[in-house]
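Understanding the architecture of this molecule
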Amino acid sequence: MLESKLKHYLQLHLIVFIWGFTAILGALISVEAIPLVWFRMLLAVIFIFLYFLFKKKSLAIDKKSVLQFLFTGIVIALHWITFFKAIKVSNVSVALVTMSTGAFFTSLIEPLFFKRRIKAIEMLLGLLVIGGLYIIFNFETQYYLGIIYALISAFLAALFSVLNGLFVKKTDADVISFYQLLFGVLFVSVFLLLNQSFTAAFFKLQITDWFYLFILSSVCTAYAFIASVKIMKYLTPYTVMLTINLEPVYAILLALLIFGEKEKMNVEFYYGAFIVLFVVLLNGIIKNRTTLKQKIKKNKN
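Residue indices follow the written sequence of each chain, beginning from 1 at its first position. Local features in this predicted model are restricted to residues whose pLDDT is 70 or higher, and side-chain atom pairs enter the listing and the counts only when it is 80 or higher, whereas totals over whole chains, interfaces and linings include all residues. For the side-chain quantities, the full set of heavy atoms in the structure was used; hydrogens and water were omitted.

**Some points on the nonpolar core**
Among the nonpolar cores identified, the biggest contains 78 residues, and Met41, Trp80, Phe84, Val92, Leu181 and Leu216 are the most heavily contacted of them. By the convention used here, residues are in contact when the closest approach between their heavy atoms is within 4.5 Å. If we ignore the near neighbours within four places in the chain, the residues touching Trp80 are Val37, Arg40, Met41, Leu181, Thr221 and Phe225. Membership of the second largest hydrophobic core comes to 11 residues, among which are Val97, Tyr143, Ile147 and Val276. Only buried residues count toward a nonpolar core. Its members are Ala, Val, Leu, Ile, Met, Phe, Trp, Tyr and Cys residues joined through side-chain atoms within 4.5 Å. Working definition: with a 1.4 Å probe on protein chains only, accessible area under 20% of the residue-type maximum means buried, over 50% means exposed, and in between means partly exposed.

**A look at the packing of aromatic side chains**
Put simply, two rings from Phe, Tyr or Trp (the six-membered ring, in Trp's case) pair if the centres are within 6.5 Å, and we call them stacked under 30 degrees between planes, edge-to-face over 60, tilted for the rest. For the structure on display, the rule yields 21 aromatic pairs. Taken together, a centroid distance of 5.5 Å and an interplanar angle of 80° make the contact between Phe39 and Trp210 edge-to-face. Of the two residues, Phe39 is situated in helix α2 (residues 33-55) and Trp210 in helix α9 (residues 207-230); the sequence distance between them amounts to 171 residues. Take Trp210: its relative accessible area is 37%, and that puts it in the partly exposed class. The structure contains a cluster of three or more aromatic residues connected by ring pairs, namely Phe49, Tyr51, Phe52, Phe69, Phe167, Phe178, Tyr179 and Phe183. For Arg40, the ring lying beneath its charged end belongs to Trp80, and the centroid distance is 3.8 Å. Helical segments are the DSSP runs of H or I of at least four residues, strand segments are the runs of E of at least two, and each set is numbered from the N terminus. Comment: the charge-over-ring label is applied if NZ (Lys) or CZ (Arg) is within 6 Å of the ring centre and within 35 degrees of the ring normal.

**What to know about the packing of helix α3 (residues 63-89) against helix α7 (residues 144-167)**
Convention adopted: a line fitted to C-alpha atoms gives each axis, helices being fitted over their contacting stretch, and angles between N-to-C directions are expressed from 0 to 180 degrees. The contact between α3 and α7 brings their axes to 8 Å, and the two run at 155°. Comparing the axis directions of α3 and α7 gives the class roughly antiparallel. Remark: the crossing between α3 and α7 carries left-handed chirality. Small angles under 35 degrees read as roughly parallel and large ones over 145 as roughly antiparallel, with 65 to 115 read as roughly perpendicular and the rest as oblique. Left-handed describes a crossing in which the near helix is turned anticlockwise from the far one by less than a right angle; the clockwise case is right-handed.

What follows is the structure, encoded as structure tokens:
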């Protein structure tokens, strides 16, 4: 049981590392946020569809699920658009540290859907993340627009995470992922059509952009998306969302190696980022102690 739990935690950290690399790819790809998300989702849908053909697996779902996946598909599309917008107008470090407020949003949203009380410790940990963000905002005011986009993206990510925690109990993760990405790309397509954005120039990308998009859509989307939904069967949305706070740690280290000076921030920024890491570690300790206490109590009974 403990080995299985450790396996799922390690898998979650791999997914988070991949998501951290997603931010790097977002900064490297030259196209704007909305076209970037459209290409990402379309290619990911194709990859997942090919996976279903290979596995000879059914894509059948009921009418209720269609509406649920339509809504969450739009949510994930908007989440990614605001996420990449945040990176484009600020940088990887600012966008990802701000995204860590997702844990605070999840602590407010999750009890509504899972019908449980809001835990004081979850609120406290969420507020600590907000405190870290406040330190960053105080000393990096030139990135305020990136912070706003990232806050919106964090809320949408929290909503999406909680809803998928419910859906995965009834539907396979890969089926959920396929339809959410399909509806997401259809939503973005309608927006682009209304804005007459589908021109020859829209599809004329640099070779490096196509290469980065391939990695982004296959490894960072198709694989990571399915794996992240599947992990919801074994870990709570709050634990998943709080562990995702490690994403900026991984991404900042990668960004410093790849982009150098562009990603170097004031020392206060790193104080704020440290608070995020501290909260993640503290959550892990608390969750482990709670699990052990429950097991001891169960054994006694």
